[in-house]
There are 2 protein chains.
Amino acid sequence: MTAGLQPDMFDPACPTTVMPFQIGDKWTAMVLLCLEGGPRRFTELRVPLRRVTPKVLAETLRSMERDGLITRSAYDENPPRVEYSLTPLGHSLLKLLDAARSWCTEHMGDLVAARAAFTARPAATGS
Amino acid sequence: MTAGLQPDMFDPACPTTVMPFQIGDKWTAMVLLCLEGGPRRFTELRVPLRRVTPKVLAETLRSMERDGLITRSAYDENPPRVEYSLTPLGHSLLKLLDAARSWCTEHMGDLVAARAAFTARPAATGS
DNA sequence: CTGCATCCGAATGGATACTG
DNA sequence: CAGTATCCATTCGGATGCAG
């Protein structure tokens, strides 16, 4: 496979962005997801992650590599090519991420309802 | 139960602090854990969380309440008393947290090893 | 006791521009 | 293409002090 990544893979409008769960840095989980389908190149990752600047993406990738979540393979060609891929450890994290996503799917309604209820509450005892 | 919380429940030296997960804000997960055994009072939470200032704890609690993770019960007594307890939603999150902790337990070795390997690496191609 | 207000410092995340 | 370097804005966590 390794079909191109969908540019709208992480729609900013997606309500899951307000989920109370985070893996690593802000973009770590998304990178994990992007890498799920096979190795990806730096620029390739920037497509669905178009909100991230190269600097931040590089930092994220670097820390993920440091933690053994991904592998960086640089090919000394011209033009240069670098590929990032998931390690077994990264894959195992993916499972956890999946659990988190399940939770989100399952309880998003409650969450939204809770927020709505909370917002509509201030008219209580006091003012 | 509701026995007193252990002051060293979250030892700063605990290596799990470097884990790549986070639920909500920095302290959310710990509050969740503290509330696992039953309702707790504000000051009571400050014992194991002695590193957190009242302001931040209040903020954390507030946002957790907003998300329907906990319930805040204020008793208009003298002296004032306020108790926080987990909602079903909070409990369900606890399960997820548990999954995360399992992952940590299981893969912490890999993580530490990866970091060590990464640190010891810079002597590669170049200087 | 509870927890809000103000001010502050550190850390993140990011924009822009430049290099191998 | 794949980053790095510099600078900047915002946010976050926190210290201190005050109020109900």
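Remember, predicted model here, so these are calculated numbers, not experimental data.

Glancing now at the protein's contact with DNA strand C. Every one of the 16 residues lining DNA strand C counts as a neighbour, but Trp-27, Thr-53 and Lys-55 of chain A together with Thr-43 and Arg-72 of chain B are closest to it. Taking all atoms of DNA strand C within 4 Å of the protein, the share assigned to sugar and phosphate is 66%. Between DNA strand C and the protein, one listed contact pairs a phosphate oxygen with a side-chain N or O atom of Lys-26 of chain A at 3.2 Å. For DNA strand C, a phosphate oxygen lies 3.0 Å from a polar atom in the side chain of Arg-41 of chain B. The dominant element in the surface near DNA strand C, judged by the number of residues it contributes, is helix 3 (residues 54-66) of chain B, at three residues. Looking at side-chain class alone, the surface near DNA strand C contains eight nonpolar, two polar and six charged residues.

Facing the 23 residues of chain A at the interface are 24 residues of chain B. Of the roughly 2300 Å² buried where chain A meets chain B, counting both sides, 69% is carbon and sulfur surface. Taken together, the links from chain A to chain B amount to two salt bridges. In this structure, Asp-67 of chain A and Arg-115 of chain B form a salt bridge, with 2.6 Å as the shortest nitrogen-oxygen distance. Here chain A and chain B share nine residue pairs in polar contact (both at pLDDT 80 or more) between them. The set of elements that each furnish at least two residues to the side of chain A that touches chain B consists of strand 1 (22-23), helix 3 (54-66) and helix 4 (88-119) of chain A. Counting residues per element, the side of chain A that touches chain B draws most heavily on helix 4 of chain A, which supplies 13 residues. Tallied by class, residues from the side of chain A that touches chain B come to twelve nonpolar, five polar and six charged.

Parameters and conventions
Residues numbered from 1 in each chain as written. Chains lettered and ligands numbered in written order. Predicted model: local features only at pLDDT ≥ 70, side-chain atom pairs only at ≥ 80, totals over all residues. Heavy atoms only, no water. Near = heavy atom within 4 Å. Polar contact = N/O pair within 3.5 Å; in protein donor to acceptor, adjacent residues only side chain to side chain. Helix = DSSP H or I, 4+ residues; strand = E, 2+ residues; numbered from the N terminus. Nonpolar A, V, L, I, M, F, W, Y, C, P; charged D, E, K, R; others polar. Contact = heavy atoms within 4.5 Å. Buried area = accessible area lost by both parts, 1.4 Å probe. Salt bridge = Lys/Arg side-chain N within 4 Å of Asp/Glu carboxyl O.

Nothing here speaks to function; it is all geometry.
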